[in-house]
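Geometric and topological summary
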Amino acid sequence: MAVDHDRLFKELIQAFFEEFILLFFPNMYEHIDFRHLSFLSEELFTDVTAGEKYRVDLLVETKLKGEDGLIIVHIENQSYVQPSFPERMFIYFSRLFEKYRTNIVPIAVFSYDAIRDEPSSFTLPLPFGNILHFRFFPVELRKQNWRNYIRSDNPIAAALLSKMGYTESERIELKKQFLRMLVRLELDEAKQRLLIGFFETYVRLSDDEEQQLRNEVNQMETKEKEQVLELLISYEQKGKREGAKQKEREMMRKMIAKGMSIADIAHIFDLTEEEVHKRVND
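Reference entry: report on the structure contained in this document. (Residues numbered from 1 in each chain as written. Predicted model: local features only at pLDDT ≥ 70, side-chain atom pairs only at ≥ 80, totals over all residues. Heavy atoms only, no water.)

Describing the overall build of the chain
- From N to C terminus, the chain includes 11 helices and 9 strands.
- Dimensions of the chain, computed from the C-alpha atoms along their principal axes, are close to 75 × 55 × 40 Å.
- Burial status across the chain gives 41% buried among its 282 residues.
- Looking at the chain alone, contacts between residues at least 24 apart form 61% of all its contacts between residues at least 6 apart.
- As presented, the chain carries roughly 16,300 Å² of accessible surface, and 48% of it is formed by carbon and sulfur atoms.
- Distance from the positive charge centre (40 side chains) to the negative charge centre (49 side chains) of the chain: 1 Å. (Helix = DSSP H or I, 4+ residues; strand = E, 2+ residues; numbered from the N terminus. Buried < 20%, exposed > 50% of the residue type's maximum accessible area, 1.4 Å probe, protein only. Contact = heavy atoms within 4.5 Å. Areas by Shrake-Rupley, 256 points an atom, 1.4 Å probe, with all protein chains shown as cover. Lys, Arg positive; Asp, Glu negative; His and termini not counted. Charge placed at Lys NZ, Arg CZ, Asp CG, Glu CD.)

Structure below.
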């Protein structure tokens, strides 16, 4: 199944919006009044020329400290290389401004694996001067050294380790440090599950790597070792249960596709018909 990168990033940043701004834009953070956050509905724009539709990833309405007027923070995740992306950011900006008539703060998160010099502006030049120079705020994750963030108490930093610059040989250490960050953060289960789900979408260790990770955790200091092992074992068990549910769900869908009735499927799995409907539609 294809990974919906935009949805994952939207869920993560929406849950930790204030932490995201603090991590990458500390100067901007000092000016935003986070008591007035409101997440706006998605905007769908049609590119008439190209015949394509684009959906804005995340819009956040808020205020600046000491000012009455609203601002809108637009965050766009870009999971693949697209030469025309700066132009698309400008089009989003212009249409958002046309609709809301307020200050728009455009931010682009470049989350693809390639390391490149990504432009953060769009210019319309003429020989006698530029008509337009539009710029947005970039976050280039692959250019970030993950080791610079492992001492951070910022939860979104923990999740985004998985998209930063690391080598294949660092994968085990990366996950170990991620788990140590989670233990230190002491988040509630829902937020913890969100961070782990995001991280493991992009960094999934092999069985041998998981065993090596377990061995390294066992060599840690006693108190921290127990906490990390507890976290590791807990989510391994949940992962196995989710895997079993997924297999069961796929089996039910295949039975339905072959014409088997919901009543018969419910009888086979010892479930009610309502439970079968719920599982196949999850």
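Let's talk about empty space enclosed by the protein
- Here the structure, examined in full by the defined rule, presents 2 cavities of 30 Å³ or more.
- Looking at the largest cavity, its volume works out to about 60 Å³.
- Considering the residues around the largest cavity, the lining is formed by Phe110, Tyr112, Ala114, Ile115, Arg116, Glu140, Leu141, Arg142 and Lys143.
- Here the lining of the largest cavity is composed, by residue class, of 5 nonpolar, no polar and 4 charged.
- By volume, the second largest cavity amounts to about 30 Å³.
- As for the second largest cavity, its lining consists of Phe9, Lys10, Ile13, Asp57, Leu58, Ile75, Glu76 and Asn77.
- Elements that contribute at least two residues to the lining of the second largest cavity include exactly helix H1 (5-15) and strand E5 (70-78). (1 Å grid on protein atoms, 1.4 Å probe; cavity = no way out; pocket = protein on both sides within 12 Å on 5 of 7 lines; lining within 4 Å. Points joined across faces, edges and corners; volume = space filled by probe spheres on them. Nonpolar A, V, L, I, M, F, W, Y, C, P; charged D, E, K, R; others polar.)

Comments concerning the packing of aromatic side chains
- Under the defined criterion, the tally for this structure stands at 18 aromatic pairs.
- Taking the centre distance of 6.4 Å and the plane angle of 55° together, the rings of Phe9 and Tyr202 count as tilted. You can see Phe9 sitting in helix H1 and its partner Tyr202 sitting in helix H7 (residues 189-202), a full 193 residues away along the chain.
- Among the aromatic residues, ring-to-ring pairing joins Phe85, Phe90, Phe93, Phe97, Phe110, Tyr112, Phe122, Phe134 and Phe136 into one connected group.
- A cation sits over an aromatic face here: Arg135 above Phe137, 5.0 Å from the ring centre. (Phe/Tyr/Trp six-rings, centres within 6.5 Å; stacked < 30°, edge-to-face > 60°. Lys NZ or Arg CZ within 6 Å of the ring centre and 35° of its normal.)

Some points on the sheet that holds strand E6 (residues 103-110)
- With mixed pairing, the 5 strands of this open sheet are ordered in space as E1-E4-E5-E6-E9. Bordering the open sheet on either side are strand E1 (32-39) and strand E9 (137-140), each of which pairs with just one other strand. Mean inter-strand twist for the sheet, computed between neighbouring axes without regard to direction, equals 25°.
- In the sheet, E6 pairs with E9 via 4 bridges, with the strands oriented parallel. Bridging across to E9, Phe110 finds its partner in Glu140.
- Docked against the sheet, H1 engages E1, strand E4 (58-64), E5 and E6, running at close to 140° with respect to E5. (Pairing = 2+ DSSP bridges. Axes fitted to C-alpha atoms, helices over the stretch in contact; angles between N-to-C directions.)

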